[in-house]
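Listed here are the chains, written in short residue letters.
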Amino acid sequence: MKSSEQLTRLLKLVPYLQQHQGISVGEVAQHFGVAPRQVVSDIEVLQFCGLPEGFHGDLFEVDIDEVRDAGHIFFRNADVLARPMRMRLEEATSLLVALEVVVETSGGSEAALSALAKLRDVLGGVDPAVSVAVAAGAPEHRQVLQAAIDARRVVEMTYLGSGRRSASRPEVEPMRLRVVDGFAYVDAWTPARSDWRSYRLDRIEALHITDATFTPREGLPENATSWFDDVAQRLELELTPDADWVAEYYPVTHRHAGADHIWVTFPVASPQWAVSLLLRLGDSVTGVSDGNVAQAAAGEARAALAHYADPPD
Amino acid sequence: MQRVSKAKSERLVNLLIMMLSARGYVTKHQIRSTIEGYRHQSDGAFERMFERDKEELRAAGVPIATGSNEPDLDIEAGYRIERSDFELPPVAFTPEELAVLGAAASVWQDSVAAQQTVDALETLRAAGADPDPERLMTLRPRIPAEPGFDAAREALLARREVRFDYRGQPRQVQPWRLSQRRGRWYLLGFDLQRSAPRNFKLSRVTSDVAAVGPTHAYEVPPADELAGLVRFDGDRDGAFAVVALRDQMGGDVRRMAQPATWDHPLPEGFTAWRLESPRPEILAADICELGPDAICLAPQELRDMVIRQLQGIADRWEA
């Protein structure tokens, strides 16, 4: 334990304990992320602190035996440190940025916006120097989803998936709003698929709350970082070096660079996704691990070329 | 060892309280005769202890001012802590706002900013607010960090220059702003070799980010100026296309598109849209990806590019 860590905690403990008279050692330990023994040790230091001169009545008042034996803390005569120290710049800016992202994800809910305004006010014009863009679709969609989550109501949405899929109209039981890699998702139980699914908020075209309610299901994956996690299929592409950016842009499970080519392995959510990737990359693809995907891409390209048989005007 | 550390913590808190509660500046002499921990030290030991303690308080963020109660007289300087500089101003949150603050606790991932956020929330807790991380479990945004992020941010907050290799080239930069888009971090800063603002994608930094030189080494331009300078991959709309998309199809491409007018007949079930993008190659890729659900109508060069790409795919992969 560095003394600076203890110092910072002591300066928070003094105002905290004054407002929570009789709080248990265990609860303080939990709130400050330290062992109960450390809380007792902190109190042992604080019993000798207080206003200068050191006369009786000037020091903070705390019965250390009661803390040790009964595990309760009564802390008095500490008006001189009634409030915590201002946050350090890096603490203030970290919290501000985190809160801004929560505000953004919530669709600018009233509570989120007012919490942010109060925090900015109390921090006094701190520039966080860091900004995070969240692609989270229409703010009203996020508010509707949050309301549906709170009220446990089924929502019906018009969802335009990526790439080649046409819009679908799933009815889902929304459970959680979440941001991964700059995109906001709603995690929902999807009865039609009997499974959890994540829907990207900026792909929701329309949304409304139905009259149906639901009972939240158990088993929402805690840290499903993306829908690629449960994808079993893999596709390996041999690419020319100019296409190295794809490894940065798409989720990949493996990348290997040779002298003239690179090899990249992708998790494949659907055969159509793999075909779309081949169409997108064009000449940069020099080898495909799955012949069926290659042939399907050739077929799609040929079908597309049929549109260009006549000039446009 | 434990006792020494306790004695020091006690001394630091008492020193802080003395400087905070005094009516004016307190002199070193007054401090030495008042604080228990200093009283029995030799002159030299006291000097060293007092200097270290002051530094430690300042490092913890305590604003210690130096000055004199009688600036016109040539007397010993003293120290004080201005209460308004030291204390967090009063603030009160509603239960709903506390739930939002609680959700902020778990936003940062893989960065020292995660612990800093927890520390900041502890300060609010000490101020009487009780951020509730359990209540808003339904709202879980996450910000992942990247290698170099913490070092760049620390340097930025301290206004220190940084050195790093970018795509193998050494750079020295005054960091201005860090922005994240699509899960990737970008550093905007003043590139000292090129004497101009530049954007750096952190994933392309090929070395550690090392802070160099003193703090407060430069000024950051105002936020509204910076906003115009931040560039991400895929910014700057330098190319456009008019495309016909099959109705109900087109996914992400259609979402970015604006309705367009097209005077010539389109195939049944197709509608004209206008697309913008930084480079024509990206537009061609977007259009090809949609296969027979998209037709490039204009401009002619882009149309030719799309046809070439589709032709290449058909020729290469046809069995």
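Please read these numbers as outputs of a predicted model, since none were measured by experiment. (Residues numbered from 1 in each chain as written. Chains lettered and ligands numbered in written order. Predicted model: local features only at pLDDT ≥ 70, side-chain atom pairs only at ≥ 80, totals over all residues. Heavy atoms only, no water.)

Colleague: Describe the domain arrangement of chain B, with residues and values.
Modeller: In terms of domains, chain B is made up of domain 1 (2-86), domain 2 (95-144), domain 3 (149-227) and domain 4 (239-317). Placing the centre of domain 1 of chain B and that of domain 2 of chain B at their C-alpha centroids yields a distance of 34 Å. (Domains from an automatic or database assignment.)

Colleague: An account of unusual backbone geometry is requested, with residue identities and associated values reported.
Modeller: Residues and elements named next belong to chain B. A cis amide bond, omega -5°, links Ala298 with the succeeding residue Pro299. Note on placement: Pro299 falls in the loop between strand E15 (294-298) and helix H12 (300-317). Positive phi is not limited to glycine here, since Ser195 has a value of about 50°. Tracing the backbone shows Ser195 in the loop between strand E9 (184-191) and strand E10 (196-201). Classification of Ser195 by relative accessible area gives exposed; the value is 53%. In this structure, Gln248 is a non-glycine residue whose phi angle is positive, near 75°. Along the polypeptide, Gln248 turns up in the loop between strand E12 (239-246) and helix H10 (251-256). (Helix = DSSP H or I, 4+ residues; strand = E, 2+ residues; numbered from the N terminus. Buried < 20%, exposed > 50% of the residue type's maximum accessible area, 1.4 Å probe, protein only.)

Colleague: Describe the sheet that holds strand E2 (residues 65-67) of chain B, listing the residues and the values that go with them.
Modeller: All names here are of chain B. Sheet architecture is open: three strands sit in the order E1-E3-E2, paired in antiparallel fashion. The sheet terminates laterally at strand E1 (26-27) and E2, the two strands that pair on one side only. Here E2 pairs with strand E3 (residues 78-80) via three bridges, running antiparallel. Looking at E3, one finds that Gly67 is bridged to Gly78. (Pairing = 2+ DSSP bridges.)

Colleague: An account of the sheet that holds strand E14 (residues 285-288) of chain A is needed here, citing residue identities and associated values.
Modeller: Residue and element names in this part refer to chain A. The antiparallel open sheet is built from four strands, whose spatial order is E12-E13-E11-E14. Both outer strands of the open sheet, strand E12 (254-257) and E14, are each paired with one neighbouring strand and no more. Strand after strand, the sheet turns through a mean of 20° between neighbouring axes, direction not considered. Inspection of the sheet shows E12 paired to strand E13 (residues 262-267) by four bridges, in the antiparallel sense. By the bridge assignment, Ala257 is partnered in E13 with Ile262. In the packing of helix H9 (residues 271-281) onto the sheet, contacts are made with strand E11 (234-239), E13 and E14, and the angle to E11 comes to roughly 10°. (Axes fitted to C-alpha atoms, helices over the stretch in contact; angles between N-to-C directions. Contact = heavy atoms within 4.5 Å.)

Colleague: Kindly report on the confidence of the model for chain A, identifying the contributing residues and their values.
Modeller: Chain-level pLDDT for chain A is 84 on average; 91% of the residues reach the 70-or-more range. Taking the mean pLDDT of every element in chain A, the minimum, 75, falls on helix H8 (residues 246-249) of chain A and the maximum, 94, on strand E1 (residues 23-24) of chain A. (pLDDT = per-residue confidence, 0-100.)

Colleague: Requested: an account of helix H5 (residues 89-105) of chain A, with residues and values cited.
Modeller: All names here are of chain A. In this model H5 runs 24 Å from its N-terminal to its C-terminal C-alpha over 17 residues, within 8% of the 24 Å that 1.5 Å per residue would give. For H5, the buried fraction is high: 13 of the 17 residues fall into the buried class. In the stretch just after H5, Gly107 is the one whose phi turns positive, near 75°. (Expected span 1.5 Å × (residues − 1).)

Colleague: Outline the packing of aromatic side chains, supporting the account with residue identities and numerical values.
Modeller: Applying the stated criterion across every chain, the model contains 16 aromatic pairs over all chains. Taking the centre distance of 5.0 Å and the plane angle of 85° together, the rings of Tyr159(A) and Tyr199(A) count as edge-to-face. Of this pair, Tyr159(A) sits in strand E6 (residues 153-159) while Tyr199(A) sits in strand E9 (residues 195-200), and the two are 40 residues apart along the sequence. One aromatic cluster in this structure is built from Tyr38(B), Phe46(B), Phe50(B) and Tyr79(B). In this structure, Arg178(A) is placed above the aromatic ring of Tyr185(A), and the distance from its NZ or CZ to the ring centre is 5.8 Å. (Phe/Tyr/Trp six-rings, centres within 6.5 Å; stacked < 30°, edge-to-face > 60°. Lys NZ or Arg CZ within 6 Å of the ring centre and 35° of its normal.)

Colleague: Describe the interface of chain A and chain B, with residues and values.
Modeller: Accessible area lost upon the coming together of the parts is a frequently used measure of interface size. Across the contact, 110 residues belong to chain A and 120 residues belong to chain B. Across the interface of chain A and chain B, roughly 10000 Å² is buried in total on both sides, 59% from carbon and sulfur atoms. Three residues stand out in chain A for area buried against chain B, namely Arg83(A), Arg280(A) and Tyr308(A), and they jointly supply 8% of the buried area on that side. Our count for the chain A to chain B interface comes out at nine salt bridges. (Buried area = accessible area lost by both parts, 1.4 Å probe. Salt bridge = Lys/Arg side-chain N within 4 Å of Asp/Glu carboxyl O.)

Colleague: Give a description of the state of the cysteines that names residues and reports values.
Modeller: Taken as a whole and judged by the stated rule, the model has zero disulfides over all chains. In this model Cys296(B) remains outside any disulfide bridge; the closest cysteine sulfur is found in Cys288(B), 8.7 Å from its own. (Disulfide = S-S within 2.5 Å.)

Colleague: So what's going on with the environment of Pro128(A)? Residues and values would help.
Modeller: With respect to the helices and strands, the residue Pro128(A) is situated in the loop between helix H6 (110-123) and strand E5 (130-132). Take Pro128(A): its relative accessible area is 12%, and that puts it in the buried class. In sequence terms Pro128(A) and Gln146(A) are 18 residues apart; their C-alpha atoms lie 27 Å from each other. Those residues in contact with Pro128(A) that lie beyond four places of it in its chain are Thr93(A), Leu96(A), Val97(A), Glu100(A) and Leu157(B).

Colleague: Describe in detail the packing of H5(A) against helix H7 (residues 112-126) of chain B, supporting the description with residues and values.
Modeller: Packing of H5(A) against H7(B) brings their axes to within 8 Å, and their N-to-C directions diverge by 95°. Taken together, the axes of H5(A) and H7(B) lie roughly perpendicular to each other. Residues Glu90(A), Glu91(A), Ser94(A), Leu95(A) and Ala98(A) of H5(A) form the contact with H7(B), whose own contacting residues are Ala113(B), Gln116(B), Thr117(B), Asp119(B), Ala120(B), Leu121(B), Thr123(B) and Leu124(B). Along the lines of polarity and charge, the residues of the contact of H5(A) with H7(B) split into six nonpolar, four polar and three charged. (Parallel < 35°, antiparallel > 145°, perpendicular 65-115°, else oblique. Nonpolar A, V, L, I, M, F, W, Y, C, P; charged D, E, K, R; others polar.)

Colleague: Mind laying out the pairing of strand E14 (residues 270-277) of chain B, listing which residues take part and the relevant values?
Modeller: Residues and elements named next belong to chain B. Pairing analysis gives eight bridges linking E12 to E14, with the strands arranged antiparallel. Each bridged residue has a counterpart across the sheet, and for Val243 the counterpart in E14 is Trp273. In the sheet, strand E13 (residues 258-259) pairs with E14 via two bridges, with the strands oriented antiparallel. When the bridges of E14 are listed, Gln258 appears paired with Arg274.

Colleague: Help me get a handle on the domain arrangement of chain A, residues and values and all.
Modeller: According to the domain assignment, chain A contains domain 1 (3-81), domain 2 (89-123), domain 3 (139-213) and domain 4 (234-307). Using C-alpha coordinates to define each centre, domain 2 of chain A is positioned 42 Å away from domain 4 of chain A.

Colleague: How would you summarise the pattern of salt bridges if you had to cite specific residues and measurements?
Modeller: All names here are of chain A. Tallied over the entire structure, the rule returns 36 salt bridges over all chains. The salt bridge partner of Arg68 is Asp65, with a shortest N-O separation of 3.6 Å. Taken together, the residues span about one helical turn, with Arg68 and Asp65 both in helix H4 (residues 64-70) at a distance of three residues. Given the relative accessible area of 44%, Asp65 is considered partly exposed.

Colleague: Summarise the packing of H6(A) against helix H6 (residues 95-104) of chain B; cite the residues concerned and give the values.
Modeller: Running from N to C, H6(A) and H6(B) point in directions that differ by 80°, and their axes come no closer than 8 Å. The orientation of H6(A) with respect to H6(B), classified from their angle, is roughly perpendicular. Judged by residue contacts, Ala111(A), Ala112(A), Ser114(A), Ala115(A) and Lys118(A) of H6(A) engage Glu96(B), Glu97(B) and Val100(B) from H6(B). Partitioning the contact of H6(A) with H6(B) into residue classes produces four nonpolar, one polar and three charged.

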